[in-house]
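Structural characterization, general
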Amino acid sequence: MELILAIVVAVLYTVGVYFLLRRSMVRIIFGVLFLGNATNLLIFMSSGLTPDAQPSFLNIGAEASKQGLADPLPQALILTAIVISFGIVAFLLTLLRKTHEVTGENDLDQLK
Amino acid sequence: MIVFAPIIIPLLFIILSLSVAKASKKVQQTVFLSGNIITIGVAISILTTVLKEGIIVAQAGAWEAPFGITIVADTFSAIMLTLTSITVAVVSLYSLAWRENNLNTPVFYALIFGLQMGMNGAFVAGDLFNMYVWFEVMLLSSFVLISYGSDKKQLKGTLKYVSMNLVSSFFFVAGIALLYGKTGTLNMADLAYRVREMGPELDIFAPSALILMGFAIKSAIFPFFFWLPDSYHTPPLPISALFSGTLTKVGVYSMIRFYALIHVPGDSFFTQMFLFIASTTMISGVLMATSQFEVRRLLSFHIVSQIGYMILGLGLFTKLALTGAIFYIIGHCIVKTNLFLLSGIAYKITGTFDLKKSGGLMKHKPFIAVLFFISAMALVGIPPLSGFFGKFMLLKAGVESQEFIHVASALFVSFLTLFSMVKIWNESYAKPIPEEIINQGFKFGKAPKQLIASSVLLVLITISLTVGSKFIIDTCATAADQLLNVDAYINAVLHI
């Protein structure tokens, strides 16, 4: 399971970077979205995905009872990260719209 | 509980400044300035408490560390809180008299408080994820501020600024995720404890590298600096001044804070890398600055170059070096902001930011020339002004650690800095206005008194850094001591 998710994260990062490096302005948004989601999945993976995984916040050497409980902390972190990236994407959309309105360009290289 | 105040007070004033949006301009401005003054008061009272009683710790919602959100203020945080709140207040005073760009609106006031809330939060955060959240608060305010007014050039700069800062945030969060998976904690004191407890078998190289990379992009060091000179000269001048004085320092602060915690004795990879980066940052920044003729762009490249000195202190990582770096941060923040403010005053008088087209300021306004001269010399580090002490301590620490190449490059960069300052002096102050500009019907403009007054305030602070240098260096040394003595930090937060 970890391996599959690792590959998914890698692909998402690749796609995100590819979009960010394109010249079209709209692609920046896609790039940011992909990178954001890849990072969220990475946080998710840090909790350990196998059923008997131990929450990482335990003290060194301690063990929790094996009740099949997931580590709740990364999920809280992801929730925060999702909310933040939501706000940022909303700002980015307005910014790009405004840039398009003022310059009439969709090509980043033409912005001089 | 006083450590919550630097976050809560700006938040209250965001609400307050928006809720008086319908009131008269006078009321709005009073609210704006009083908010700034109260924040300074809080910052200073935190500084005095920390100096008297040691590290202050508060747990949000009474959840004990490492599970709750911990707010910690040590001397370094308190210095940064005081420094940024003073800078923000002076720039606010300046922006009230800046009649262009429609800056005097409740929204602008709220954004300044938002920026301040984010910065203060990042300074007192005792938890990495919490620090990330404060970074985002700061960034979102800065995104809106840097695009404020949205003219064409500015939007282009904003796009670069926004995308680079988002990428750096992703590096930061990815590092946090891996770090949590490895160590099971994000509380900085607990992290430092576990790093020391588990020793070399705990390999946190990859997460640390990712997190430091995120900070590196934010503080614009080599090779990630290109976004800064491309974007910092585009917004309205008070905003440029504010950003150049305070924002990059937040990145440097977090780098020093984070590295001091995860640093294990004997680790030479990161310190060697910091030294290399410090030299390359200093040199590349200053070399590019020398070829500029737009004064704001020139000063922006100098920010990059001077960040290098701060990183040099981090790379040497001795008590003297960190003391020097912290003193340099204080001096640089005040002086760089002032140079931007003065370039704004020069713009009001000569009507241009282009050095080639301006001139004659020394004859026309000798007082402003004096202000510029003091600030420029403080930036270069001519004794006895503030830049000298920081550079001297850094160089001495460098010689003690036998890093002669980096000492040599720091000296070389000082000369080039002097060269650029002399260039601004010659072009803008000493030489007369060019003939063809006079022929086009040039007339000297007027600079409002309030603009000059805020610049005078900063020059006075620069001079008082010299006069009170013993006290300030002692404070910086305490801060450096606390950074190096991680056990005391761990003990203060976790009571172990």
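Structure's up top.
Residues numbered from 1 in each chain as written. Chains lettered and ligands numbered in written order. Predicted model: local features only at pLDDT ≥ 70, side-chain atom pairs only at ≥ 80, totals over all residues. Heavy atoms only, no water.

As for the environment of I84 of chain A
Along the chain, I84 of chain A falls in helix α3 (residues 72–103). Linking I84 of chain A and A70 of chain A, residues 14 residues apart in sequence, is a C-alpha distance of 24 Å. Apart from the residues lying within four places of it in its own chain, the contact partners of I84 of chain A are Y132, V133 and E136 of chain B. (Helix = DSSP H or I, 4+ residues; strand = E, 2+ residues; numbered from the N terminus. Contact = heavy atoms within 4.5 Å.)

Comments concerning the interface of chain A and chain B
Contacts between the two partners involve 35 residues from chain A, matched on the other side by 31 residues from chain B. Between chain A and chain B, a total of about 2,900 Å² is buried, with carbon and sulfur atoms accounting for 83% of that surface. Across the contact surface, chain A and chain B share zero salt bridges. Where chain A meets chain B, there are zero residue pairs in polar contact (both at pLDDT 80 or more). Residue assignment for the side of chain A that touches chain B shows that the elements contributing at least two residues are α1 (2–20), α2 (26–45) and α3 of chain A. (Buried area = accessible area lost by both parts, 1.4 Å probe. Salt bridge = Lys/Arg side-chain N within 4 Å of Asp/Glu carboxyl O. Polar contact = N/O pair within 3.5 Å; in protein donor to acceptor, adjacent residues only side chain to side chain.)

Description of the pattern of salt bridges
Residue and element names in this part refer to chain B. One pass over the full model with this rule turns up 11 salt bridges over all chains. Of the charged contacts in the structure, one is a salt bridge between R296 and E294, with a shortest N-O distance of 3.0 Å. Using a relative accessible area of 10% as the deciding quantity, one classes R296 as buried. Residue classification places E294 among the buried positions, given a relative accessible area of 19%. The closest approach of N and O atoms between D474 and K470, which form a salt bridge, is 2.9 Å. Here D474 pairs with K470, and both are found in helix α20 (residues 469–484), just four residues apart, close to one helical turn. Its relative accessible area of 38% is what places D474 among the partly exposed residues. (Buried < 20%, exposed > 50% of the residue type's maximum accessible area, 1.4 Å probe, protein only.)

Some thoughts on helix α21 (residues 486–494) of chain B
An α-helix turns once every 3.6 residues. As a result, residues three or four positions apart point the same way. Residue and element names in this part refer to chain B. Restricting attention to buried positions, one finds in α21 the residues V486, Y489, I490, V493 and L494. Viewed end-on, α21 has its buried residues packed into an arc of 100°, placing them on one side of the element. On its buried face, α21 sits against β1 (56–59), β2 (70–73), α7 (188–198), α10 (237–262) and α20. After α21 finishes, the residue H495 shows a positive phi value of roughly 55°. (Arc of directions from axis to C-beta.)

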